[in-house]
Amino acid sequence: MLASIFHGAQGLFIWTLDWLSFGASGLHGSDSLDTAEASTSHLNDVSRVQLTPKGQFEQVDRTSVLEQVATWTELAPAPQAAPEDALLLGAAAWIESTENTDADLIVQFALGDANGLSAQMLDAIGAEVAATDAFSPLIQPTTTVTLNDDETAAHITLVGTANASLADVYVPLTFDVIDDLGDVTGFDTPIGIWNTDLI
């Protein structure tokens with residue numbers, strides 16, 4: 001009788017463990033998945049993948065991205081006569097915040113086109129990015145455009161008050177680059193704002 005009570009209690013204990021592990025093991029615990037396998041299967045389940053929460057871009061090597069943007073003149077395409085698509089040489093966006101001031105959003109990106117870029121066209125691109133919901137609709141951000149000597153690459157910087165009601169973690173880079181030969185390259189590239197949790 002004691003043996004049957006013991007086996008009954010043991011069965012109840014195993015059933016409880018099975019229930020707590022949400023079906024990760026077999027009927028008697030003999031086919032249990034180890035923790036690593038369970039974690040892997042959870043991560044590989046696409047239906048469970050969540051959107052990137054605010055300010056969470058740990059997977060991005062920020063130093064590398066900033067270096068890529070900073071060395072845009074070295075990445076500039078050489079001038080040529082044949083048509084070629086424009087390139088996004090590098091892009092980054094982040095928040096800078098100090099006490100008792102509104103948070104500033106800084107967006108930097110570099111474009112290259114071997115057939116030449118015009119300052120007027122680049123100013124228009126800066127205005128398009130400035131009009132996105134990422135910046136405060138009340139204060140116009142400042143835009144700086146710098147061209148390299150060959151006018152085959154440009155560096156664009158926008159600094160402005162971040163939109164306090166921003167719900168997204170991306171700045172949409174959506175614009176057309178029209179080079180000096182009239183060739184058009186369209187861009188629709190959202191870039192992550194690394195630390196929107198500071199807004």
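Residues numbered from 1 in each chain as written. Predicted model: local features only at pLDDT ≥ 70, side-chain atom pairs only at ≥ 80, totals over all residues. Heavy atoms only, no water.

Colleague: In this structure, what is going on with the overall build of the chain? I would like to understand it.
Modeller: Helix and strand counts for the chain stand at five helices and six strands. Order of helices (α) and strands (β) in the chain, N terminus to C terminus: α-α-α-α-β-β-α-β-β-β-β. Considering only intrachain contacts with a sequence separation of at least 6, the fraction spanning at least 24 residues in the chain is 63%. A total accessible area of about 12200 Å² is found for the chain, and carbon and sulfur atoms account for 56% of it. (Helix = DSSP H or I, 4+ residues; strand = E, 2+ residues; numbered from the N terminus. Contact = heavy atoms within 4.5 Å. Areas by Shrake-Rupley, 256 points an atom, 1.4 Å probe, with all protein chains shown as cover.)

Colleague: Teacher, can you tell me more about unusual backbone geometry here?
Modeller: For residues besides glycine, phi is generally negative; the peptide bonds are generally trans as well. Non-glycine residue E151 carries a positive phi angle of around 60°. For E151, the position within the fold is in the loop between β3 (142-147) and β4 (153-161).

Colleague: Help me understand the pairing of β3, please; the structure alone is not making it clear to me.
Modeller: The two faces of the sheet receive side chains in turn, since in a regular strand these alternate between them. Bridge count for β3 against β4 is six bridges, and the pairing is antiparallel. Within the sheet, the bridge partner assigned to T146 lies in β4 and is H155. The turn linking β3 back onto β4 is made up of five residues, and E151 within it adopts a positive phi angle of 60°. (Pairing = 2+ DSSP bridges.)

Colleague: So what exactly am I meant to see when it comes to the environment of D180 here?
Modeller: Assignment of secondary structure puts D180 in the loop between β5 (170-178) and β6 (184-192). As a C-alpha pair, D180 and T152 span 28 residues in sequence and 9.6 Å in three-dimensional space. Excluding residues that lie within four positions of it along the chain, D180 makes contacts with N115, G116, L117 and S118.

Colleague: Before we go on, may I ask you to explain the side chain of T161 in this structure?
Modeller: Mapped onto the fold, T161 is located in strand β4. Those residues in contact with T161 that lie beyond four places of it in its chain are D102, A103, D104, A134, F135, S136 and I139.

Colleague: Explain the sheet that holds β3 to me, please; I cannot follow it from the model alone.
Modeller: Ordered in space as β1-β2-β4-β3, the four strands form an open sheet in which the pairing is antiparallel. For this open sheet the edge positions go to β1 (87-96) and β3, each flanked by a neighbour on one side alone. Across the sheet, the mean angle separating the axes of adjacent strands is 10° when strand polarity is ignored. Here β1 runs beside strand β2 (residues 104-112); their pairing, made up of nine bridges, is antiparallel. Of the residues in β2, the one forming a bridge with I95 is L105. With respect to the sheet, helix α3 (residues 62-70) is in contact with β1, β2 and β4, its orientation differing from that of β1 by roughly 125°. In the packing of helix α5 (residues 119-130) onto the sheet, contacts are made with β2, β3 and β4, and the angle to β4 comes to roughly 30°. (Axes fitted to C-alpha atoms, helices over the stretch in contact; angles between N-to-C directions.)

Colleague: What should I look at first to understand the nonpolar core in this one?
Modeller: Looking at soluble globular proteins, one finds that nonpolar side chains tend to be buried together. Residues L105, F109 and V171 are the most contacted members of the largest nonpolar core, which totals 29 residues. Going through the elements one at a time, β1, β2, α5, β4, β5 and β6 are the ones with two or more residues in this core. Non-local contacts of L105, meaning those with residues more than four positions away in its chain, are made with A93, W94, I95, A134, F135, L158, V159, G160, A162, V171 and I193. Counting residues in hydrophobic clusters, the runner-up holds six residues, among them V69, A92, I106 and W194. (Core = buried A, V, L, I, M, F, W, Y, C linked by side-chain atoms within 4.5 Å. Buried < 20%, exposed > 50% of the residue type's maximum accessible area, 1.4 Å probe, protein only.)

Colleague: Any chance you could explain α5 here in plain terms?
Modeller: Along an α-helix, a turn takes 3.6 residues, which lines up residues three or four apart on a common side. Compared with the 16 Å implied by 1.5 Å per residue over 12 residues, the 16 Å span of α5 between its first and last C-alpha is a close match. The complete set of buried residues in α5 reads M121, L122, I125, G126, V129 and A130. The secondary structure elements touched by the buried residues of α5 are β2, β3, β4 and β5. (Expected span 1.5 Å × (residues − 1).)

Colleague: I'm lost on a negative patch on the surface in this one. Help?
Modeller: Taken together, the side chains of D149, D150, E151 and D180 present a region of like negative charge at the surface. Relative to the assigned elements, D150 resides in the loop between β3 and β4. (Patch = residues over 30% accessible without salt bridge, like charges linked within 9 Å, V, L, I, M, F, W, Y side chains within 5 Å. Salt bridge = Lys/Arg side-chain N within 4 Å of Asp/Glu carboxyl O. Lys, Arg positive; Asp, Glu negative; His and termini not counted. Charge placed at Lys NZ, Arg CZ, Asp CG, Glu CD.)

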